[in-house]
Amino acid sequence: MAAEILTEDLLRVSLQRLSREVVKTYPQFGELLAQNMLRTCGLIPDVERAEHYRELGTLLIDLGRLYLAEADALSTVEAPPT
């Protein structure tokens, strides 16, 4: 039980930090992350929490794809001649 709480606390802290960073580049995702994160907190049934974790996981995957696409675009941009 204590390990489960510790893991959830670490997840929440990580998601809070991620939300702050995401807002800098994708403001619309920052709010979605915060909302979904809040839905995983509290004393709600496991089935409902599982659904919120699923939504949050999907959002994180979509966000990761955006960042990877941006990284690909940046890495293919040619540097201006000097």
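Residues numbered from 1 in each chain as written. Predicted model: local features only at pLDDT ≥ 70, side-chain atom pairs only at ≥ 80, totals over all residues. Heavy atoms only, no water.

Caption draft 1: Quick peek at the pattern of salt bridges. Counting across every chain of the model gives 4 salt bridges. Residues glutamate 21 and lysine 24 are paired through a salt bridge, measuring 3.0 Å at the closest nitrogen-oxygen approach. Placement of the pair is glutamate 21 and lysine 24 together in helix H1 (residues 2-25), with a separation of 3 residues, close to one helical turn. The exposure class assigned to glutamate 21 is partly exposed, which follows from its relative accessible area of 44%. Linking aspartate 62 and arginine 65 is a salt bridge whose minimum nitrogen-to-oxygen distance equals 3.6 Å. On the criterion of helical spacing, the pair formed by aspartate 62 and arginine 65 is a turn pair, its members being 3 residues apart in helix H3 (residues 46-76). For aspartate 62, a relative accessible area of 34% gives the class partly exposed. The class for arginine 65 is exposed, based on a relative accessible area of 57%. (Salt bridge = Lys/Arg side-chain N within 4 Å of Asp/Glu carboxyl O. Helix = DSSP H or I, 4+ residues; strand = E, 2+ residues; numbered from the N terminus. Buried < 20%, exposed > 50% of the residue type's maximum accessible area, 1.4 Å probe, protein only.)

Caption draft 2: Local environment of the nonpolar core. Listed in full, the 9 residues of the largest apolar core are Leu15, Val22, Tyr26, Phe29, Leu33, Met37, Leu56, Leu59 and Leu63. Listed by contribution, the elements that provide at least two residues to this core are H1, helix H2 (27-39) and H3. For leucine 56, the residues in contact, after removing those within four places along its chain, are Leu15, Leu33, Asn36 and Thr40. (Core = buried A, V, L, I, M, F, W, Y, C linked by side-chain atoms within 4.5 Å. Contact = heavy atoms within 4.5 Å.)

Caption draft 3: Structural view of the packing of aromatic side chains. Following the criterion strictly, the structure yields 1 aromatic pair and no others. Their ring planes at 85° and their centres at 5.2 Å tell us that tyrosine 26 and tyrosine 67 sit as a pair that is edge-to-face. Of the two residues, tyrosine 26 sits in the loop between H1 and H2 while tyrosine 67 sits in helix H3, which places them 41 residues apart along the sequence. Exposure remark for tyrosine 26: the relative accessible area of 15% places this residue in the buried category. Owing to a relative accessible area of 32%, tyrosine 67 belongs among the partly exposed residues under this scheme. (Phe/Tyr/Trp six-rings, centres within 6.5 Å; stacked < 30°, edge-to-face > 60°.)

Caption draft 4: Expanded view of the confidence of the model for the protein chain. Per-residue confidence for the protein chain gives a mean pLDDT of 80, with 87% of residues at or over 70. The element-level mean pLDDT for the protein chain is lowest in H1, coming to 75, with H3 highest at 88. (pLDDT = per-residue confidence, 0-100.)

Caption draft 5: View of the side chain of serine 19. Position of serine 19 relative to the elements: it lies in helix H1. Apart from residues no more than four positions distant in its own chain, serine 19 is found in contact with Gly30, Leu33 and Ala34.

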